[in-house]
Amino acid sequence: MALEVKTNDPLEVGGRTFNSRLMIGTGKYKDMEETDLAIRASGAEIVTVALRRTNIGQNPGEPNLLDVISPDEFCILPNTAFCYTAEEAVRTCRLARELLDGHDLVKLEVLGDHKTLYPNVTETLAAAETLVNDGFKVMVYTSDDPLVAKRLEEMGCVAVMPLGAPIGSGLGIRNPHNIQLILENANVPIIVDAGVGTPSDAALAMEMGCEGVLMNSAVAHAGNPILMAQAMRKAVECGREGYLAGRMPRKAYASASSPIDGVIGG
Amino acid sequence: MIELNVNGEEIRLYQLKTINDLLKTMSLTEQRVAVEVNGEIIPRSQHDNTRLSDGDAIEIVRAIGGG
C-alpha cells in the first residue's frame with residue numbers, strides 16, 4: 001500500500017474555501033444523467049451554469065439542471081456565456097443572483113466574436129467594474145495579457161481566469177510564458193479557463209502554479225466523458241502536488257542517479 | 001385580456017393578474033426561475049403581488065448547461 005502524503009491546501013476564492021481545484025462546466029453533455037455522472041467523477045465543487053430563457057435549451061421531460069446539480073451540494077457559478085456587451089453580462093449576473101437567492105459568485109465572460117470566442121477586454125473591464133461595485137464576487141475570463149489580468153485584479157475581481165487557448169478548441173496552453181507572467185504578479189487566484197484538451201494540459205497549468213483549472217469541452221467531448229472527468233480530477237491534483245513539491249532544477253547535461261564509484265569490474 | 005411579450009414572444013392571456021398567474025399558465029411554478037419585467041428584476045417574494053399590465057415585456061430565465 002502506497003504512502004499517501006496529505007497536503008492541507010484548500011483553494012480560497014471569494015471568501016469561500018474548496019478542496020477541489022478543478023472547476024467544471026455543464027454544457028455539451030449527451031443528457032442530464034451524463035452531466036451528473038461526469039461532474040461527480042470530476043470531484044469539482046465549483047460548477048458553472050448558463051442562464052437562458054425558459055423556452056429553450058432543455059430536452060422536454062428532463063429535470064431542471066439545478067435539481068440534479070443542486071446549489072445545496074455544489075457551489076454554482078453562473079456564467080455570462082454569449083454576452084457580447086458589458087450591459088448584457090451585468091444583466092445576466094443580476095438575474096443569476098435572483099435565481100440563486102442572492103448568491104454573489106459569478107463567472108464574467110464578455111465575448112468579442114463568434115469565430116474565436118475571444119474575450120472583449122474593454123467590455124469585460126466595464127462589466128467587472130459595475131459588478132464589483134454592485135457587490136458581486138467576480139471570477140473573470142480574460143485573455144492571457146498580463147497587464148489586463150493585473151488590472152482586473154486591482155479592480156477587485158476575486159479570481160482572474162486567462163484562457164489557455166480558444167474556448168472549446170482543446171489546443172492546450174498555447175502561451176505558457178504569458179500565464180507565467182500573469183502568475184508572477186498575481187495576488188488573487190489565477191485559474192486557466194478554456195483551451196484545455198487533455199489531462200496533461202491541466203497538469204501543466206497546475207505545475208506552473210495556477211490555483212485551478214476550469215473546463216467543459218475537454219470532458220464533455222471526450223470519448224468517455226465520465227472517465228475523462230476522473231482523469232482530469234487526478235491531473236489537477238497531480239499537477240498541484242508537483243507544484244507544491246517543487247520541481248528539480250533543469251540541467252544541460254546528464255547527472256547520474258547511481259554512484260560512480262565501485263562499479264563492478266571497474 | 002392582456003397582451004404580453006414573454007421571452008421575445010407576443011402572447012395574449014385572459015384572467016391573468018400577477019407574475020405567479022403567468023408562471024402557473026406556463027407550468028413554471030415548481031421550477032427555479034428568475035423574472036424580469038420591463039428590464040427590472042422582480043424578486044421571487046413579490047411574484048404573487050406584482051401585477052402585470054398590457055404591453056409588459058417579461059423575461060423568465062433558468063439555469064441550463066453551459067461552460
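Whatever comes next refers back to the structure up there.
Residues numbered from 1 in each chain as written. Chains lettered and ligands numbered in written order. Predicted model: local features only at pLDDT ≥ 70, side-chain atom pairs only at ≥ 80, totals over all residues. Heavy atoms only, no water.

## Some thoughts on the packing of helix α4 (residues 121–133) of chain A against helix α5 (residues 146–155) of chain A
Residue and element names in this part refer to chain A. Two elements in contact, α4 and α5, have axes separated by 10 Å at closest approach and are oriented at 15 degrees. Comparing the axis directions of α4 and α5 gives the class roughly parallel. Between α4 and α5 lies a crossing of right-handed hand. Counted together, Val121, Thr124, Leu125, Ala128, Glu129 and Val132 of α4 and Val148, Arg151, Leu152 and Met155 of α5 form the full contact between these two elements. For the contact of α4 with α5, a count of residues per class yields seven nonpolar, one polar and two charged. (Axes fitted to C-alpha atoms, helices over the stretch in contact; angles between N-to-C directions. Helix = DSSP H or I, 4+ residues; strand = E, 2+ residues; numbered from the N terminus. Parallel < 35°, antiparallel > 145°, perpendicular 65-115°, else oblique. Left-handed = near helix turned anticlockwise from the far one by under 90°. Contact = heavy atoms within 4.5 Å. Nonpolar A, V, L, I, M, F, W, Y, C, P; charged D, E, K, R; others polar.)

## Here we look at the sheet that holds strand β8 (residues 159–162) of chain A
All names here are of chain A. Judged by pairing direction, the sheet is parallel, and its three strands sit side by side in the order β6-β7-β8 without closing on themselves. The sheet is open, and its two edges are formed by β6 (105–108) and β8, each paired on a single side. Averaged over all pairs of adjacent strands, the angle between their axes in this sheet comes to 20 degrees, without regard to strand direction. Across four bridges, the pairing between strand β7 (residues 137–142) and β8 is parallel. Residue methionine 139 lies in a different strand from β8, and its bridge partner there is alanine 159. (Pairing = 2+ DSSP bridges.)

## Overview of the pairing of β6(A)
Residues and elements named next belong to chain A. Every second residue of β6 is oriented toward a common face, with Leu105 and Lys107 on one face and Val106 and Leu108 on the other, all of them buried. As paired strands, β6 and β7 are joined by four bridges and run parallel to one another. The residue of β7 that forms the bridge with valine 106 is valine 138. Once the chain exits β6 it traverses α4 before rejoining the sheet at β7, and the crossover so formed is right-handed. (Buried < 20%, exposed > 50% of the residue type's maximum accessible area, 1.4 Å probe, protein only. Right-handed = clockwise from strand over helix to strand, strands pointing away.)

## Digging into empty space enclosed by the protein
Residues and elements named next belong to chain A. Tallied over the entire structure, the rule returns one cavity of 30 Å³ or more. In this structure, the largest cavity occupies an estimated 40 Å³ of space. Breaking the lining of the largest cavity down by element, the ones donating at least two residues are α5 and α6 (176–185). The greatest single-element share of the lining of the largest cavity, amounting to four residues, is contributed by α5. Residues belonging to the lining of the largest cavity are distributed by class as follows: seven nonpolar, one polar and two charged. (1 Å grid on protein atoms, 1.4 Å probe; cavity = no way out; pocket = protein on both sides within 12 Å on 5 of 7 lines; lining within 4 Å. Points joined across faces, edges and corners; volume = space filled by probe spheres on them.)

## Concerning the state of the cysteines
One covalent bond between the sulfur atoms of two cysteine residues makes up a disulfide. All names here are of chain A. This model, assessed by the stated rule, comprises zero disulfides over all chains. Just so you know, cysteine 75 is unpaired, no disulfide at all, and the nearest cysteine sulfur is the one on cysteine 93, 14 Å from it. The class of cysteine 75 is buried, set by a relative accessible area of 10%. Cysteine cysteine 93 shares no disulfide, and the gap to the nearest cysteine sulfur, in cysteine 83, comes to 7.5 Å. Classification of cysteine 93 by relative accessible area gives buried; the value is 1%. (Disulfide = S-S within 2.5 Å.)

## Observations concerning the pattern of salt bridges
Going through the model one piece at a time under the given rule, you end up with 17 salt bridges over all chains. Between Arg16(A) and Asp104(A) there is a salt bridge, with the nearest N and O atoms lying 3.1 Å from each other. Taken together, the residues Arg16(A) in strand β2 (residues 16–18) and Asp104(A) in the loop between α3 (86–99) and β6 connect sequence positions 88 residues apart. Taking relative accessible area as the criterion, Arg16(A) reaches 24% and is therefore assigned partly exposed. In this structure Asp104(A) comes out as buried when scored by relative accessible area, which is 17%. Residue Arg44(B) pairs with Asp101(A) through a salt bridge whose shortest N-O separation is 2.6 Å. Separated into two different chains, Arg44(B) in the loop between β4 (40–42) and β5 (57–65) and Asp101(A) in the loop between α3 and β6 make up a pair that spans both. Through salt bridges with shared partners, a single network forms among Asp9(A), Arg21(A), Glu211(A) and Arg240(A). (Salt bridge = Lys/Arg side-chain N within 4 Å of Asp/Glu carboxyl O.)

## A short note on the pairing of β7(A)
Most of β7(A) is tucked away: five of the six residues are buried. Once the chain exits β7(A) it traverses α5(A) before rejoining the sheet at β8(A), and the crossover so formed is right-handed.

## A closer look at the nonpolar core
Core analysis: the biggest nonpolar cluster contains 66 residues, and Leu108(A) and Met215(A) have the highest contact counts within it. The biggest single contributor to this core is α3(A), with seven residues. Discounting residues that sit within four places of it in the chain, Leu108(A) has contacts with Thr80(A), Ala89(A), Thr124(A), Ala127(A), Ala128(A), Leu131(A), Val138(A), Met139(A), Val140(A) and Tyr141(A). Core analysis: the second largest hydrophobic core is formed by 16 residues, Val6(B), Ile19(B), Leu23(B) and Leu52(B) among them. (Core = buried A, V, L, I, M, F, W, Y, C linked by side-chain atoms within 4.5 Å.)

## Considerations on the layout of surface pockets
Residues and elements named next belong to chain A. By volume, the largest pocket amounts to about 450 Å³. Considering the residues around the largest pocket, the lining is formed by 19 residues, among which Thr7, Asn19, Ser20, Glu237 and Glu241 are closest to the centre. Top element by residues in the lining of the largest pocket is helix α9 (residues 225–245). It accounts for five residues. Of the residues in the lining of the largest pocket, the class split is four nonpolar, six polar and nine charged.

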